[in-house]
Amino acid sequence: MDAQALAQQTGQHITTVRFHLDVLTRESLVSQVQQPPRGRGRPRIGYMAVQRSVGYQDLAQVLADQLGADPKRRLDASVTAGRAWAAKIDDVDRPVRNLDEAREVATTLLAELGFAPDRSAELPHNATSATIRLTACPLRDLARTHSEVVCGVHLGLMREILDRAGTPGAFTASLHPFVEPELCLARLTPTAKALARA
């Protein structure tokens, strides 16, 4: 909004509004944006509230740097961290005996974490793997720059939950980030252990 619109909204004199906007701009609480002109003259200046960030990008960069320069080592460390996180979750009362149950456990976990998995896809009869479409990610911006760290933690979490709910190592899980700009895929595949039990 521009100063005139803000003055009308608040019932304040425009000079008072401009004074407060100057203070808020200096304190980085609002930012100025150029608005399209309404005819002749200079373009109007609008003001927009600044969203405060907790610095997650910076935190991820610091953590990624501490995990070493090698992406493979960062991924391995992140998967281990995800497994440790899953070990603290006290909600593994759903048994996993087959691929459909593994998909259901993983989908429920991913939904609880904010990934908005697409539950509409049916698992074909005699499927050899299950793909879960993830339409959201609570850490999408971080994952774009630090996918081995962010996705690694989520991958470890998924693997540990599946191991704890069934036979350890019966299912492999993989994550495929950004197969489309706003879509990631989780893939579950039974191993020889799971096939031997079937």
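What comes next is a walk through the structure. (Residues numbered from 1 in each chain as written. Predicted model: local features only at pLDDT ≥ 70, side-chain atom pairs only at ≥ 80, totals over all residues. Heavy atoms only, no water.)

Looking at the pattern of salt bridges
So, point 1. Scanning the entire structure with this criterion turns up eleven salt bridges.
So, point 2. Among the salt bridges present, the one from R119 reaches E104, with a minimum N-O distance of 3.3 Å. Taken together, the positions of R119 in the loop between α5 (99–112) and β3 (130–134) and E104 in helix α5 put the pair 15 residues apart, joining distant regions of the chain.
So, point 3. Judged by its relative accessible area of 42%, E104 is partly exposed.
So, point 4. Through salt bridges with shared partners, a single ionic network connects R83, E160 and D163. (Salt bridge = Lys/Arg side-chain N within 4 Å of Asp/Glu carboxyl O. Helix = DSSP H or I, 4+ residues; strand = E, 2+ residues; numbered from the N terminus. Buried < 20%, exposed > 50% of the residue type's maximum accessible area, 1.4 Å probe, protein only.)

Here we look at the state of the cysteines
So, point 1. Under the definition given, this model contains zero disulfides.
So, point 2. The cysteine C137 is free of any disulfide, with C184 supplying the nearest cysteine sulfur at 6.2 Å.
So, point 3. Left without a disulfide partner, C184 is nearest to the cysteine sulfur of C151, which lies 6.0 Å away. (Disulfide = S-S within 2.5 Å.)

Brief notes about the nonpolar core
So, point 1. The biggest cluster of nonpolar side chains holds 26 residues, and the ones touching the most others in it are L162 and L188.
So, point 2. Of all the elements in the fold, those that place two or more residues in this core are α4 (71–87), α5, β3, α7 (147–165), β4 (171–180) and β5 (183–190).
So, point 3. Here L162 is in contact with V96, A102, V105, F171, A173 and L188, once residues within four sequence places are set aside.
So, point 4. With six residues, the next largest nonpolar core counts A3, A7, L21 and V30 among its residues. (Core = buried A, V, L, I, M, F, W, Y, C linked by side-chain atoms within 4.5 Å. Contact = heavy atoms within 4.5 Å.)

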